[in-house]
Amino acid sequence: MFVTCLVDMFRPTVGFSAVKLLEEAGCVVDVPMEQVCCGQPAFNAGDLASARKVAKPLIAMFADHDYVVAPSGSCAGMMIKHFPELFANDPEMAEPVKALAAKTWELVSFLTDVMKLQGVAAAFDGSITYHDSCSGLRELKVKEQPRKLLRSVTGLSINELQEPETCCGFGGTFCVKYPEISGKMVGDKTTDIKNSGADMLLAGDMGCLMNMAGKLRREGSDMEVRHVAEVLADMTMAAPGIAGSEKG
């Protein structure tokens, strides 16, 4: 499993939830302790040399694994879609990069599309609404997979957003480069979220979740915010909801 930086630093419960789901689906899970960032921030900032420096050890580290699974559409998308671009002019890296991209999956997509998981043994007494994070949706076509598994959760109902596919304004470095635009986007998103009437907001990417959670808190909302893996793994009691950023 590729843990991701935000899960490691801010939300370890997501990592434990992901491991639980993978093991219950029949996988033997290895979490290499030497893993680091996938290089996405440097890549998005145009620092391709630094991105390659960070990415190379990961490519070698996961060479002997059958699959690489990440609880993040953006990090999985980086490895699947952008590593080949990053090493396009490096013939020695062509095959290792191609092999990694072919076996890398976003968590919920892996569970449903590879392991053919039809449902989970979890319960949640309430309603959720779901945000489709941009990278997972647009790069990896993750849309129906989380909803399929969520519909198997006992007691859970889904209140769809009016615009579930609209960006929350995070966009990694985008929210730093264009804070006013990002702020307007997340404000529109939280209005949609609150109008859904749901008890909880779910998504598959920590960056988006922290962005939306922070805005909801600054607006005075007490809506619970969680990664979808926490609900699917029945681990909502393991930690409080995501608090998000108190700034911006």
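Going by the structure above, here's the rest.
A few points on the structure. Note that this is a predicted model, so its numbers are computed, not measured. (Residues numbered from 1 in each chain as written. Predicted model: local features only at pLDDT ≥ 70, side-chain atom pairs only at ≥ 80, totals over all residues. Heavy atoms only, no water.)

Looking now at the packing of aromatic side chains. Within this structure, the stated rule accounts for four aromatic pairs. A ring pair is formed by F2 and F62, whose centres lie 6.4 Å apart and whose planes are at 85°; its orientation type is edge-to-face. Note that F2 is positioned in the segment before α1 (5–10) and F62 in the loop between α4 (48–61) and β1 (68–70), a separation of 60 residues in sequence. Overall, the relative accessible area of 1% leaves F2 in the buried class. Given the relative accessible area of 1%, F62 is considered buried. For the pair F83 and F87, a centre-to-centre distance of 6.4 Å together with 85° between the ring planes defines the contact as edge-to-face. Its relative accessible area of 0% is what places F83 among the buried residues. (Phe/Tyr/Trp six-rings, centres within 6.5 Å; stacked < 30°, edge-to-face > 60°. Helix = DSSP H or I, 4+ residues; strand = E, 2+ residues; numbered from the N terminus. Buried < 20%, exposed > 50% of the residue type's maximum accessible area, 1.4 Å probe, protein only.)

Of all hydrophobic cores here, the largest spans 49 residues; its most connected members are L150 and L232. Those elements giving two or more residues to this core turn out to be α2 (12–24), α7 (107–114), β3 (123–130), α9 (144–150), α11 (179–195), β5 (200–203), α12 (206–218) and α13 (228–232). Considering each element in turn, this core owes the most residues, seven residues, to α12. Shared between two domains, this core takes at least three residues from each, and those domains are domain 1 (5–113) and domain 2 (119–233). With residues near it in sequence (within four places) discarded, L150 still touches I128, Y130, L156, I158, L202, V228, V231 and L232. Residues F2, C38, F62 and L86 belong to the second largest nonpolar core, which totals 24 residues. (Core = buried A, V, L, I, M, F, W, Y, C linked by side-chain atoms within 4.5 Å. Domains from an automatic or database assignment. Contact = heavy atoms within 4.5 Å.)

Turning to the packing of helix α5 (residues 73–86) against helix α6 (residues 94–103), a few remarks are in order. In the contact formed by α5 and α6, the axes pass within 8 Å of each other and the chain directions differ by 160°. Compared by their axis directions, α5 and α6 come out roughly antiparallel. Taken as a pair, α5 and α6 cross one another with a handedness that is left-handed. Here M79, I80, F83 and P84 of α5 come into contact with α6, specifically with V97, L100 and A101. Each residue belonging to the contact of α5 with α6 can be placed in one class, and the counts come to seven nonpolar, no polar and no charged. (Axes fitted to C-alpha atoms, helices over the stretch in contact; angles between N-to-C directions. Parallel < 35°, antiparallel > 145°, perpendicular 65-115°, else oblique. Left-handed = near helix turned anticlockwise from the far one by under 90°. Nonpolar A, V, L, I, M, F, W, Y, C, P; charged D, E, K, R; others polar.)

Within the fold, G214 resides in helix α12. When the C-alpha positions of G214 and P164 are compared, they lie 18 Å apart, and in sequence the two are 50 residues distant.

Remember, this is a structural readout, not a statement about activity or role.
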